[in-house]
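Overview (structure and organization)
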Amino acid sequence: MTKQIEIIRKTRTFLLENLKDLTTEQLNKIPEGFNNNIIWNLGHMIAAQQGVCYIRAGLKSHMTEDFINTFKSGTKPERVFSEAEIENIKSLLFSTIDQVEDDYKNHIFGGYTAWTTRYSVEMNSIDDAITFLPFHEGLHAGCSTALKKLVTN
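Along every chain, residues carry numbers that run from 1 in the direction the sequence is written. Given that the model is predicted, a residue must reach a pLDDT of at least 70 before its local features are reported, and side-chain atom pairs must reach 80 or more before they are shown or counted; all residues, however, enter totals for whole chains, interfaces and linings. Working from all heavy atoms in the structure, the side-chain values ignore hydrogens and water.

As for the pattern of salt bridges
Selection criterion: One side-chain nitrogen of Lys or Arg within 4 Å of one carboxyl oxygen of Asp or Glu is enough to make a salt bridge. Comment: elements are numbered from the N terminus, with helices defined as DSSP H or I runs of at least four residues and strands as E runs of at least two. The rule is simple: take the accessible area with a 1.4 Å probe, protein chains only, and divide by the maximum for that residue type; under 20% is buried, over 50% is exposed, in between is partly exposed.
According to the stated counting rule, one finds nine salt bridges in the structure shown. Measuring nitrogen to oxygen at the nearest pair gives 3.3 Å for the salt bridge that ties Lys-10 to Glu-6. Taken together, the residues Lys-10 and Glu-6, both in helix α1 (residues 2–19) and four residues apart, mark about one turn of the helix. Look at Lys-10 and you get exposed, because its relative accessible area is 54%. Here Glu-85 and Arg-79 are joined by a salt bridge, their closest N and O atoms 2.8 Å apart. Its relative accessible area of 42% is what places Arg-79 among the partly exposed residues. What emerges from the salt-bridge pattern is a single network uniting Arg-9, Asp-98, Glu-101 and Lys-105.

Some remarks on the packing of aromatic side chains
Stated precisely, the cut-off is as follows: Planes of paired rings set the category: under 30 degrees apart is stacked, over 60 is edge-to-face and the rest tilted, where pairs are Phe, Tyr or Trp rings (Trp by its six-membered ring) whose centres lie within 6.5 Å. We count a charge as sitting over a ring when the NZ of a lysine or the CZ of an arginine lies within 6 Å of the ring centre and within 35 degrees of the ring normal.
What the rule picks out here adds up to six aromatic pairs. Every member of this aromatic cluster is reached through a ring pair, and the members are Phe-67, Phe-71 and Phe-81. The ring of Trp-115 carries Arg-56 above its face, with NZ or CZ at 3.9 Å from the centroid.

Let's talk about the nonpolar core
We apply this condition: What makes a nonpolar core is a set of buried Ala, Val, Leu, Ile, Met, Phe, Trp, Tyr and Cys residues whose side-chain atoms join them at distances within 4.5 Å. We call two residues in contact when some of their heavy atoms are within 4.5 Å.
Residues Ile-38, Ile-39, Leu-42, Ile-46, Phe-67, Phe-71 and Ile-89 are the most contacted members of the largest nonpolar core, which totals 24 residues. Within the residue set of this core, elements represented by two or more residues are α1, α3 (38–53), α4 (65–71), α5 (83–105) and α6 (126–151). Ranked by residue count, the leading element in this core is α3, at seven residues. Setting aside its immediate chain neighbours within four residues, Ile-38 contacts Leu-19, Leu-22, Gln-26, Leu-27, Ser-144, Leu-147, Lys-148 and Val-151.

Some thoughts on the layout of surface pockets
Over the atoms rolls a probe the size of a water molecule, and in doing so it shows where empty space is left. Short version of the rule: Only protein atoms enter the 1 Å grid, on which a cavity is a set of points fitting a 1.4 Å probe that cannot get out and a pocket is an open set with protein on both sides within 12 Å along at least 5 of 7 lines, lining residues being those with an atom within 4 Å of a point. Grid points are joined across faces, edges and corners, and a volume is the space filled by probe spheres set on the points. Following the grouping adopted for this structure description, the nonpolar residues are Ala, Val, Leu, Ile, Met, Phe, Trp, Tyr, Cys and Pro, the charged ones are Asp, Glu, Lys and Arg, and the polar ones are all others, Gly among them.
One number sums up the size of the largest pocket: a volume of about 480 Å³. Contributing elements (two or more residues each) for the lining of the largest pocket: α3 and α6. Looking at which element gives the most residues to the lining of the largest pocket, the answer is α3, with six residues. For the lining of the largest pocket, the class distribution of residues is nine nonpolar, eight polar and three charged.

A short note on unusual backbone geometry
Even without being a glycine, His-107 presents a positive backbone phi close to 55°. Its place among the elements puts His-107 in the loop between α5 and β1 (115–116). Judged by its relative accessible area of 70%, His-107 falls in the exposed class. At Ser-120, a position not held by glycine, the phi torsion is positive, near 65°. As for its placement among the helices and strands, Ser-120 is situated in the loop between β1 and β2 (122–123). Residue Ser-120 is classed as exposed on the basis of its relative accessible area of 61%.

Dropping the structure here:
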């Protein structure tokens, strides 16, 4: 799983580098015809990782219930996120993947509940979940990159 975690880190590093010059307003802007924004996509990457890895394994998420509910699938931004909240989300992109890596090495994901994603991918173990995450991260990195073009014009 080391390679998958490396891919996630590199995707998140690339994404933050690509977004570093955006303002709080731009990160919060929902372009016409869209239902979310860049900062929601970043928060969603964290919430999805927590759900796929921890919650599906019957473990407690490292995020608050409010955070998960704000960024889980099917939600959209309901408010403007402050600069401090944005910086926290950016930091969580790395601390949460570090935690997954440590917890994986410590074998805490034993009780994983099998399920199927909306993309018809079967998840039977934490290994399947971590293998799936780079795909999911890529989707939202692509969305964020596309949104950047719309909020900077």
